[in-house]
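The lines below spell out each chain.
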Amino acid sequence: MPTRVDRSEPVTSDPFVRELAHLVWLLVYRPGHLDVQKSVLRSLRTSGMESAARIEQSELAAAVADSAGRRPLAESHPWLAELSTRMAVHTVRVIESHSGATAAELLGLARALASAGDSEDPGHSFDEQFVALQAQHLAVQLGRHGFQRTPTPPMPRLAYGASTRTPANGTTPVEEAMREHLAARVTPSALEPVRVAPPGKPAIATEELMPARHVDDLVIRLRGEITPVVAPALLDEVTRVLEDAAREGSWTAVVDLVSRVLAREESVTQPDVKRAFGIVFKRLAKPGILRGVAQLLPSHRDLRDAVQQFLVRQGEPAADIIVDLLITAEPAGDRRAYRDALRGLPAAVDPLRQLLRDHRWFVVRNAAELLGEMNAVAADEDLVETLRHRDARVRHAATLALIRLGTPRAGHTILRALGDPDASVRLKAVHGIARVNHARAVPALLAALDAESDEEIRNTLVLALARHPVDAAVQRLSLEASPGSFFRRRPQARRLVAVQALGEMQSEASRLVLAPLARDRDGAVRDLAARLLADGPR
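Quick notes on the rules
Residues numbered from 1 in each chain as written. Predicted model: local features only at pLDDT ≥ 70, side-chain atom pairs only at ≥ 80, totals over all residues. Heavy atoms only, no water. Helix = DSSP H or I, 4+ residues; strand = E, 2+ residues; numbered from the N terminus. Buried < 20%, exposed > 50% of the residue type's maximum accessible area, 1.4 Å probe, protein only. Contact = heavy atoms within 4.5 Å. Areas by Shrake-Rupley, 256 points an atom, 1.4 Å probe, with all protein chains shown as cover. Polar contact = N/O pair within 3.5 Å; in protein donor to acceptor, adjacent residues only side chain to side chain. Phe/Tyr/Trp six-rings, centres within 6.5 Å; stacked < 30°, edge-to-face > 60°. Axes fitted to C-alpha atoms, helices over the stretch in contact; angles between N-to-C directions. Parallel < 35°, antiparallel > 145°, perpendicular 65-115°, else oblique. Left-handed = near helix turned anticlockwise from the far one by under 90°. 1 Å grid on protein atoms, 1.4 Å probe; cavity = no way out; pocket = protein on both sides within 12 Å on 5 of 7 lines; lining within 4 Å. Points joined across faces, edges and corners; volume = space filled by probe spheres on them. Nonpolar A, V, L, I, M, F, W, Y, C, P; charged D, E, K, R; others polar. Pairing = 2+ DSSP bridges. Core = buried A, V, L, I, M, F, W, Y, C linked by side-chain atoms within 4.5 Å. Arc of directions from axis to C-beta.

## Some words on the overall build of the protein
Consideration 1: Along the protein, the regular secondary structure elements total 27 helices and six strands.
Consideration 2: Here the protein, with 538 residues, has 48% of them falling under the buried criterion.
Consideration 3: Look at the contacts in the protein between residues 6 or more apart in sequence, and 65% of them connect residues 24 or more apart.
Consideration 4: When the accessible surface of the protein is summed, it comes to about 26200 Å², and 52% of that surface belongs to carbon and sulfur atoms.

In structure tokens form, the structure reads like this:
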């Protein structure tokens, strides 16, 4: 294959190699920096579109070692060293890129390189991801003996007709959408029975397998018994149908058939068959397919449950796509749909934690709110750091999230938020302290009450003391409920709030303070104290 790499020049000078190395490094060490990743991917694709390229791990390692002794180090040195290391971990000897490599193929290659290796079977994880990628412009050599993975031949684009496209409303049944395509796929020779011997059985113990003639047959076969012998052929055909539908943009048809596969997978108990179902979803975990399915969420309410089930099954790759869609969505309805989807995706916690470091305040705020709504206890330390954000709206969201988590670290941090310069953050922190049982809660509330000038927040602090019936809180409420001195009369509204708080305490000490207040000169204070003593708090 022709290459763009001039052997007289080091491999590290090739723009394609540098951009691929940079993208792999970002995926490993900066997974939350999506904007930078997209920019590098665009540059990589531009390099890959121009002509072919070839990267040999041994040559790259030698070039990296040679450049390590030079000072100052080139900016790209850490990236290239990471690429060399990752190729060695996955036993990738050579990477070849034909001209015209797509962004999806290059991103899939970078993600496979950035993934964790298998210590027991080096190269297995990378090879599995590369095969699932079905790249038409990439080839790799793996292992000591140079096992070759060649580009996947392009599949013909088949015209389904108008019925295969996603309609404005409703769902096109998958059987109707792809019947003509499957009928055209099957040749007379393919209809002959294939005899396959089950693993570990003699060759005479065979089973006849017939390829599906249309989607109706696939659905019927999915409902029937699926043995370890039948599963590979059946599910491979299902996957090809789904990939063809995705290629043509028939996303409602994809969701229809995927929901049937998910329903059938739930009843499977045999390990070999479960593994075959797992391969289906690995092949469907391509960014293009996940994005196409996820984009149905805002416009197809009737499909949301089925789409959500598929996204949950796909885990973190699907969560990354939903997070990206949420960030870029403009209509408020679209953002709500993606937020709702993220709440039901446990795998979204890590991507959202990464977004807490984003440079856009509204992205950080949305991530903090979602982590709180998801009760993501593992994110409490990240949310604590977010309380130092310069934007008050972000600090407000982080405070609310920490209140919802209710972890010991969260409770300790909420106390510090009582001194925030923004009144809305302080008010939210007061509400949070009223809900936590912390040894330093009362001293923190008393100190905040002394320093607070906002009357609404002062009243909230007084009511928060009612949740902590200790002597220090009772004494301060007694002071707040008193009329004050002749020269500094305490406002009636402030006294009434303190009386209400004493009634809410429902302790013997608070009732002793209320008794003389039931004879107070102020009629409103007197009536409230008398009622609380007689009827209890309202």
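## Some words on the side chain of threonine 386
Consideration 1: Within the secondary structure layout, threonine 386 lies in helix α18 (residues 380-386).
Consideration 2: We classify threonine 386 as buried; its relative accessible area is 5%.
Consideration 3: Here aspartate 382 takes part through its backbone oxygen, which lies 2.9 Å from a polar atom of the side chain of threonine 386.
Consideration 4: Not counting the four nearest positions on each side in its chain, threonine 386 is found in contact with Leu356, Val364, Val394, Arg395 and Ala398.

## What to know about the packing of aromatic side chains
Consideration 1: Under the counting rule described, the total for this entry stands at four aromatic pairs.
Consideration 2: With 6.1 Å between their ring centres and 15° between their planes, phenylalanine 126 and phenylalanine 130 make a pair best called stacked. Note that phenylalanine 126 and phenylalanine 130 are positioned in helix α6 (residues 124-133) at a spacing of four residues, about one turn of the helix.
Consideration 3: Look at phenylalanine 126 and you get buried, because its relative accessible area is 0%.
Consideration 4: A centroid spacing of 6.0 Å and a plane angle of 90° characterise the contact between tryptophan 361 and phenylalanine 362, whose relative ring orientation is edge-to-face.

## Some details on the packing of helix α1 (residues 15-29) against helix α5 (residues 103-114)
The geometry of a pair of packed helices is captured by two quantities: the angle between their axes and the separation between those axes.
Consideration 1: For the pair α1 and α5, the least separation of the axes is 9 Å and the interaxial angle reads 55°. Between α1 and α5, the angle is such that the two are oblique. Where α1 crosses over α5, the two elements pack in a sense that is right-handed. On the side of α1, the interface is formed by Phe16, Leu20, Leu23, Val24, Leu27 and Val28, while α5 contributes Leu106, Leu107, Leu109, Ala110, Arg111, Leu113 and Ala114.

## Side note on the layout of surface pockets
Consideration 1: Roughly 1500 Å³ of volume is contained in the largest pocket.
Consideration 2: For the largest pocket, the lining is made up of 46 residues, of which Leu107, Arg111, Pro287, Pro317 and Asp320 are closest to its centre.
Consideration 3: Here the lining of the largest pocket is composed, by residue class, of 20 nonpolar, 10 polar and 16 charged.

## So, the side chain of arginine 360
Consideration 1: Tracing the sequence through the fold places arginine 360 in the loop between α16 (349-355) and α17 (361-373).
Consideration 2: A relative accessible area of 18% places arginine 360 in the buried class.
Consideration 3: In this view, arginine 360 contacts Asp35 and Ile327; residues no more than four positions away in its chain are not counted.

## Points about unusual backbone geometry
As a rule of thumb, non-glycine residues mostly have phi less than zero, and peptide bonds are mostly trans rather than cis.
Consideration 1: Here threonine 91, not a glycine, exhibits a phi torsion of approximately 55°, which is positive.
Consideration 2: With respect to the helices and strands, the residue threonine 91 is situated in the loop between α4 (77-89) and β2 (92-97).
Consideration 3: Classification of threonine 91 as partly exposed rests on a relative accessible area of 25%.

## Re the pairing of β2
Consideration 1: In terms of burial, β2 is largely enclosed, as five of its six residues are buried.
Consideration 2: Pairing of β2 with strand β3 (residues 138-142), which is carried by five bridges, proceeds in the antiparallel orientation. Note on β3: the bridge partner recorded for valine 92 is leucine 142.

## Considerations on the nonpolar core
Consideration 1: Of all hydrophobic cores here, the largest spans 118 residues; its most connected members are Phe310, Leu311, Ile322, Leu342, Leu352, Val499 and Leu517.
Consideration 2: Per-element tally for this core: the top contributor is helix α9 (residues 230-247), with nine residues.
Consideration 3: With residues up to four places along the chain from it excluded, the contact list for leucine 517 reads Ala481, Arg495, Val499, Leu502, Val525, Arg526 and Ala529.
Consideration 4: Counting residues in hydrophobic clusters, the runner-up holds 39 residues, among them Leu27, Val92, Ala101 and Leu106.

## With respect to helix α26 (residues 508-517)
Consideration 1: Every buried residue belonging to α26 is among Ser510, Val513, Leu514 and Leu517, and all of these are buried. Each buried residue of α26 sits inside an arc of 100° when the element is viewed along its axis, so together they form one side. Exposed positions of α26 whose direction lies more than 90 degrees from the buried face are Glu508 and Leu512.
Consideration 2: Its buried side turned inward, α26 meets α24 (471-481), α25 (492-505) and α27 (523-535).

## Things to note about the packing of α26 against α27
Consideration 1: One way to put it is that α26 packs onto α27 with a least axis distance of 8 Å and a crossing angle of 140°. Compared by their axis directions, α26 and α27 come out oblique. Classified by chirality, the crossing of α27 by α26 is left-handed. Two secondary-structure elements touch here, α26 through Arg511, Leu514, Ala515 and Leu517 and α27 through Val525, Arg526, Ala529, Leu532 and Leu533.
Consideration 2: A per-class count over the contact of α26 with α27 returns seven nonpolar, no polar and two charged.

## Thoughts on the environment of leucine 356
Consideration 1: Within the secondary structure, leucine 356 is located in the loop between α16 and α17.
Consideration 2: In this structure, leucine 356 is in contact with Val364, Ala367, Ala368, Leu371, Asp382, Leu383 and Thr386, ignoring residues within four places of it in sequence.

## Re α6
Consideration 1: Of all the positions in α6, only Ser125, Phe126, Asp127, Phe130, Ala132 and Leu133 are classed as buried.
Consideration 2: Positive phi shows up at glutamine 134, right after α6, with a value of about 50°.

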